[in-house]
Amino acid sequence: MDGMKTFYDVQQFLKQFGIIVYMGKRLYDIEMMKIELKQVYDAGLIERLEYLQAESILRREHQLELKYLEKE
């Protein structure tokens with residue numbers, strides 16, 4: 001998938017592999033998506049650039065979610 005930019009893009013990307021993550025808490029969703037993404041990459045199903053792009057988005061979303069939760 002060219003041009004992954006958002007959390008939604010990563011969700012759609014993982015969906016191509018039959019991976020849908022919903023644990024009921026956004027922080028947990030992000031962490032599980034990182035694990036699933038790594039497994040897809042380790043299995044050789046995606047290119048390194050796709051992995052790095054998606055992982056970067058998930059890392060950013062994780063940091064944003066932690067900041068949001070600190071404010072609650």
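Higher on the page you've got the structure.
Residues numbered from 1 in each chain as written. Predicted model: local features only at pLDDT ≥ 70, side-chain atom pairs only at ≥ 80, totals over all residues. Heavy atoms only, no water.

Trainee: Looking at this model, I keep getting lost on the nonpolar core. Mind explaining?
Mentor: Generally speaking, nonpolar side chains in soluble globular proteins are found buried as a group. Counting residues in each nonpolar core, the largest one holds 16 residues, and the members touching the most others are Met4, Val10, Leu14, Met33, Leu37, Ile46 and Leu58. Setting aside residues no more than four positions away along its own chain, Ile46 makes contact with Phe13, Phe17, Leu37, Val40, Tyr41 and Tyr51. (Core = buried A, V, L, I, M, F, W, Y, C linked by side-chain atoms within 4.5 Å. Buried < 20%, exposed > 50% of the residue type's maximum accessible area, 1.4 Å probe, protein only. Contact = heavy atoms within 4.5 Å.)

Trainee: I would appreciate a short explanation of the side chain of His62 in the present structure.
Mentor: Mapped onto the fold, His62 is located in helix H3 (residues 48–71). Among residues more than four places away in sequence, those in contact with His62 are Leu27, Ile30 and Glu31. (Helix = DSSP H or I, 4+ residues; strand = E, 2+ residues; numbered from the N terminus.)

Trainee: How should the packing of helix H1 (residues 7–15) against helix H2 (residues 26–42) be read in this particular structure?
Mentor: Axis angle and axis distance: for two packed helices, these are the angle between their axes and the distance between the axes, and together they describe the pair. With their axes 11 Å apart at the nearest point, H1 and H2 run at an angle of 45° to one another. The angle between the axes of H1 and H2 places the two elements in the oblique class. Regarding H1 and H2, the two cross each other, and that crossing is left-handed. On H2, the residues touching Phe7, Val10, Gln11, Phe13 and Leu14 of H1 are Arg26, Ile30, Met33 and Leu37. Of the residues belonging to the contact of H1 with H2, the class tally is seven nonpolar, one polar and one charged. (Axes fitted to C-alpha atoms, helices over the stretch in contact; angles between N-to-C directions. Parallel < 35°, antiparallel > 145°, perpendicular 65-115°, else oblique. Left-handed = near helix turned anticlockwise from the far one by under 90°. Nonpolar A, V, L, I, M, F, W, Y, C, P; charged D, E, K, R; others polar.)

Trainee: Honestly, H2 in this entry has me stumped. Any pointers?
Mentor: Helical geometry note: an α-helix holds 3.6 residues per turn, so side chains three or four residues apart project in the same direction. In a regular helix each residue adds 1.5 Å, so 17 residues correspond to 24 Å; H2 covers 24 Å between its end C-alpha atoms and thus fits that length. Against the buried residues of H2 lie H1 and H3. Gly44 lies just past H2 and shows a positive phi near 80°. (Expected span 1.5 Å × (residues − 1).)

Trainee: What's the story with the environment of Leu45 in this structure? I'm lost.
Mentor: You can see Leu45 is positioned in the loop between H2 and H3. Relative accessible area serves as the criterion here: at 54%, Leu45 is assigned to the exposed category. In the structure, Leu45 is positioned 24 residues away from Leu69 in sequence and 34 Å away in space, judged by C-alpha atoms. In contact with Leu45, other than residues within four places in its own chain, are Phe17 and Val40.

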